[in-house]
Amino acid sequence: MVSYLSCNDVEAVFLNLEQRIEILRQYENGKSARKLAELFYCGRTQIKKIIKEKDLILKEYEDFKFRGVKRMRHEKYVDINEALLEWFKTVRAKKIPVSGPMIQHKAKELADALGIENFSAGNGWLDRFRIRNNITFQSLCGETADVDPSLCEDW
């Protein structure tokens, strides 16, 4: 005898992107939504929603941007984030130390330049920006950036 779980027996289960892709693969191979719900310990409606959003999930998977993330959240200020990331890369390539307040100030300048209103570069935004782009604030140490390589050759 098969026992089915009622809505009250199932806790909310968040599936990451790899699990959603696996659900889509198994659904295409002929498994029913009910079997997939039992297999992944989630609700049938959650499986149906994943199947409905198939194109979006596959696009996000191809971008490799959201690997291991349970919920896909889309950036609100894409233009600011892209421009700020390019600025950050050029500044760090010049071996200039960058702090959080510097990034926030530059983000506000870019928002004004792009004509975006109601943008607030607060601490929460900064934390999410750092996590999204894998930025860590570390002190620059060592003398590798201070010495001209041609002087080493002459020595």
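Residues numbered from 1 in each chain as written. Predicted model: local features only at pLDDT ≥ 70, side-chain atom pairs only at ≥ 80, totals over all residues. Heavy atoms only, no water.

As recorded in an unreviewed UniProt entry, the chain goes by the name Tigger transposable element-derived protein 4, listed as coming from Araneus ventricosus. Its UniProt record gives the chain a comment under Subcellular location (unreviewed entry), which states: "Nucleus". (UniProt positions renumbered as here; feature names shortened; annotations may be inferred.)

Asker: Describe the packing of helix α5 (residues 78–93) against helix α7 (residues 123–133), with residues and values.
Answerer: In helix packing, the relevant descriptors are the interaxial angle and the interaxial distance, both defined with respect to the helix axes. At a minimum axis separation of 12 Å, α5 and α7 run at an interaxial angle of 65°. Classified by the angle their axes make, α5 and α7 are roughly perpendicular. For the pair α5 and α7, the sense of crossing is right-handed. Every residue of α7 that contacts α5 at N81, L84 and L85 is listed here: W125, F129, R132 and N133. (Axes fitted to C-alpha atoms, helices over the stretch in contact; angles between N-to-C directions. Helix = DSSP H or I, 4+ residues; strand = E, 2+ residues; numbered from the N terminus. Parallel < 35°, antiparallel > 145°, perpendicular 65-115°, else oblique. Left-handed = near helix turned anticlockwise from the far one by under 90°. Contact = heavy atoms within 4.5 Å.)

Asker: So what's going on with the environment of R34? Which residues, and what values?
Answerer: Within the element layout of this structure, R34 appears in helix α2 (residues 33–39). Between the C-alpha atom of R34 and that of R44, which follows or precedes it by ten residues, the distance is 5.8 Å.

Asker: Summarise helix α6 (residues 100–114); cite the residues concerned and give the values.
Answerer: Given a rise of 1.5 Å per residue, 15 residues ought to cover 21 Å, and the 21 Å separating the end C-alpha atoms of α6 matches this to within 8%. Turning to α6, its buried residues number three or more, namely G100, I103, Q104, A107, L110 and A111. Projected onto a plane normal to the axis of α6, the buried residues spread over an arc of 125° and lie on a single side. Among the exposed residues of α6, those oriented more than 90 degrees off its buried face are P101, D112 and A113. Buried residues in α6 make contact with α5 and α7. (Expected span 1.5 Å × (residues − 1). Buried < 20%, exposed > 50% of the residue type's maximum accessible area, 1.4 Å probe, protein only. Arc of directions from axis to C-beta.)

Asker: Kindly report on the pattern of salt bridges, identifying the contributing residues and their values.
Answerer: Within the structure shown, the criterion is met by four salt bridges. Ionic pairing is found between K54 and E28, a salt bridge with its closest N-O pair at 2.5 Å. Taken together, the positions of K54 in helix α4 (residues 54–63) and E28 in helix α1 (residues 17–28) put the pair 26 residues apart, joining distant regions of the chain. Here K54 falls in the partly exposed class, since its relative accessible area comes to 28%. Close ionic contact of E109 with K106 constitutes a salt bridge, the shortest N to O distance being 3.7 Å. (Salt bridge = Lys/Arg side-chain N within 4 Å of Asp/Glu carboxyl O.)

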